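Notes for the structure review
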Amino acid sequence: MPATTRRLLDRRRFLAAGGVAAAVLVADRLAGAWPAPAQRGCYPFALGVASGDPAPDGVVLWTRLAPQPLAADGGMPARAVPVDWQVASDPQLERVVRGGTVLARPAEAHSVHVEVEGLEPARTWWYRFRAGGELSPVGRTRTLPAPGAYPRRLALAVVSCQHFEHGYYTAYQHLAREDLDLVLHLGDYLYETAPADGQPRRHIAPAPTDLPSYRLRHAQYRTDPDLQAAHASAPFVLTWDDHEVENDYADDQSERFDPPAAFRRRRAAAYQAYWEHLPLRRRSRPRGPVARLYRRLRFGDLAELAVLDTRQYRDDQPCDGNGVGRGQVLVGCRERLDPGRSLLGAEQRRWLLAGLDASRARWNVLAQQLLMAELELQPGPGLAYGSDGWDGYAADRARILRFLQARQPSNPVVLGGDMHSFWVNDLKLNNRQPGAAVLASEFVGTSISSSGPPYEEFSAYVPDNPHVRFFESRWRGYLRCVADRRRWRTDLRVVETVQRPGAPVRTLASFVVEDGRPGPQRA
Ligand SMILES: [Fe+2]
């Protein structure tokens, strides 16, 4: 297909996927401050646009110039290229309020991360880029409410786990039509697995191990029009889990017991490619294998979000002296209870708890990768636990729950992913003690596309886990959460299938948490 035709089709799909891109064609006609290019050459915005990490006065705007996204260099010359950007208060970009020019550099895969400042809080903005005479699609974004403001409502989506081969990103197509303040991405933005046969889509290259191959894997994922539509519809706030680097890694411990120095080099490459391809701030830019990704967002006095990193600082999984480097189901492993072991690392945990203690927000959200609730995996008598999640680091979880019990921050809500299934839970210190206090509410979202665990097998675990209020693994989708002063509502959104594009979406179930009363209730 000629590039121009393909782009028009992409644009039409984009248009169909969300109202946002309607502005693209309009903008091309009206052009705002910029004239439309006379003729189209090599379109540099094939990977779309994105925004992220919103603040009350600004947001990060992202794009990557890549006229040939699946070529090693993205089809770009080995030199810096200027990129113009604009932010406007209207979708036609007639009322431009901020703009400038930045350099897209080969050392950052010709990505740009514009940290816009000087915007008004709690408003919707539209933005676009221009390079080589070409205009990017128009993205929509939002600034956070001002500090101390008391916004009426917070609406966010929670997404995770988007294995490209396992299915289409139809969930994103629907998410792009939701009216959201932000999208929380809780990890497994890509999968590092080798190409496999017999699935709806296919990775085009072997398992990534270095910077060029991680860049290529990101680029392939970002060619997806539904993912592009979601990024163009709202700011993303992202954190990584394991597959952005390697399955079940722990700090510098590879699942394959690679030498730590070699694994740190691989991690550095993966972290760099992740940063290059996502709307993250420069302070999150990796320095070698180290990147500060945990951070806090304040949504006025309504909500505070602590975004956690449960991979970079963790101790190795417990009881892996049997030669199993990946997560496993453990029976009788005392090491998983060792108070000297940590999932968050001491520094991040101190930061988290200090922030919770100081928070004046009504809803205190822990946005993290995993299922936080205990999950006992031996139906009937006997006890078994997974080693890669919080159950492998039970003392760290207990420290957080004891803090919630002692200090009583307002309405803790834990959001998670990783499980490729929905879990709605009470969080307690002791799940077997009748009448134990519910200390927090937990919602784990299903995957965007990654295959879920066997429903029958996992359903059999639920009776031994009475704090689990709801479980479902047969659907792909996302969480839609809406909070106001009185209650938090979570809708479990599911698409009919990811085996073919374009399936419809529906709400599978809804839960609410009332202000001052921890524990989700079926709506
Ligand atoms: Fe996953």
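Refer to the structure presented above.
Below, the structure is looked at part by part. Computed from a predicted structure; not experimentally measured.

**With respect to the coordination of the iron ion**
Protein-derived coordination of the iron ion comes from C161 (SG), D188 (OD), Y191 (OH) and H420 (NE2), at a distance range of 2.0 to 2.5 Å. The coordination sphere of the iron ion comprises 4 donor atoms, whose angles at the metal cover 86 to 172°; the geometry is irregular. Mapped onto the polypeptide sequence, the residues donating to the iron ion form the spacing pattern C-x26-D-x2-Y-x228-H. Taken together, the residues span a long stretch of sequence, with D188 in the loop between strand 10 (182-185) and helix 4 (211-222) and H420 in the loop between strand 17 (412-416) and strand 18 (422-427) at a distance of 232 residues.

**Observations concerning the side chain of E374**
Following the sequence through the fold, E374 ends up in the loop between strand 15 (363-367) and strand 16 (385-386). A distance of 2.8 Å separates a polar atom in the side chain of E374 from a polar atom in the side chain of R432. Those residues in contact with E374 that sit more than four places away from it in its chain are Y385, D391, R397, N431, R432, N465 and H467.

**What to know about the pattern of salt bridges**
In this structure the tally under the stated criterion is 35 salt bridges. The partner of E108 in a salt bridge is R282, with the nearest N and O atoms 3.3 Å apart. Taken together, the positions of E108 in the loop between strand 4 (96-104) and strand 5 (111-116) and R282 in the loop between helix 6 (260-277) and strand 12 (295-299) put the pair 174 residues apart, joining distant regions of the chain. Overall, the relative accessible area of 6% leaves E108 in the buried class. The class for R282 is partly exposed, based on a relative accessible area of 38%. E304 is paired through a salt bridge with R296; the nearest N and O atoms lie 3.7 Å apart. Residue classification places E304 among the buried positions, given a relative accessible area of 7%. Owing to a relative accessible area of 22%, R296 belongs among the partly exposed residues under this scheme. Shared partners join several salt bridges into a network, and the residues in it are E178, R480, R489, D491 and R493.

**With respect to the packing of aromatic side chains**
Under the defined criterion, the tally for this structure stands at 18 aromatic pairs. For the ring pair F164 and Y221, a centre distance of 5.3 Å and an interplane angle of 40° mean the geometry is tilted. Of the two residues, F164 is situated in the loop between strand 9 (154-159) and helix 3 (170-175) and Y221 in helix 4; the sequence distance between them amounts to 57 residues. You'll find F164 and Y221 in the same group, each marked buried. On the basis of an interplanar angle of 55° and a centroid distance of 4.8 Å, the ring pair of Y294 and W351 is categorised as tilted. With Y294 in the loop between helix 6 and strand 12 and W351 in helix 7 (residues 346-358), this residue pair connects regions lying 57 residues apart in the sequence. Aromatic rings pair up to connect F164, Y169, Y172, Y221 and F236 into one cluster. If you follow R222 out to its NZ or CZ, it ends over the ring of W62, 4.2 Å from the centre.

What counts, and at which threshold
Chains are numbered independently. Their residues run from 1 in the order of the written sequence. Totals for whole chains, interfaces and linings use all residues, but because this is a predicted model, local features are given only for residues with pLDDT of at least 70 and pairs of side-chain atoms are given and counted only at 80 or more. Excluding hydrogens and water, the side-chain values take into account all heavy atoms of the structure. Water is absent from the atoms considered, so a metal site may look incomplete; donors are defined as N, O and S atoms within 2.8 Å of the metal, or 3.2 Å for Na, K and Ca. Here a site with four donors is tetrahedral if all angles are between 85 and 135 degrees, and a site with four or six donors is square planar or octahedral if opposite donors are over 155 degrees apart and the other angles are between 65 and 115; anything else gets the irregular label. Counting from the N terminus, the helices are DSSP H or I runs at least four residues long and the strands are E runs at least two residues long. In protein, a polar contact means a hydrogen-donor-capable atom and an acceptor-capable atom, both N or O and within 3.5 Å, with residues adjacent in sequence counting only if both atoms are side-chain atoms; elsewhere, any N or O pair within 3.5 Å suffices. Pairs of residues are marked as contacts when any of their non-hydrogen atoms sit within 4.5 Å. Take a side-chain nitrogen of Lys or Arg and a carboxyl oxygen of Asp or Glu: if they are within 4 Å of each other, that pair is a salt bridge. Burial here depends on accessible area, computed with a 1.4 Å probe over protein chains only, as a share of the maximum for the residue type. Under 20% is buried, over 50% is exposed, and the range in between is partly exposed. Pairing of aromatic side chains requires ring centres within 6.5 Å, counting the rings of Phe and Tyr and the six-membered ring of Trp. Pairs whose planes differ by under 30 degrees are stacked, by over 60 edge-to-face, and all others tilted. Note on criteria: charge over ring means Lys NZ or Arg CZ within 6 Å of the ring centre, with the direction from the centre no more than 35 degrees off the ring normal.

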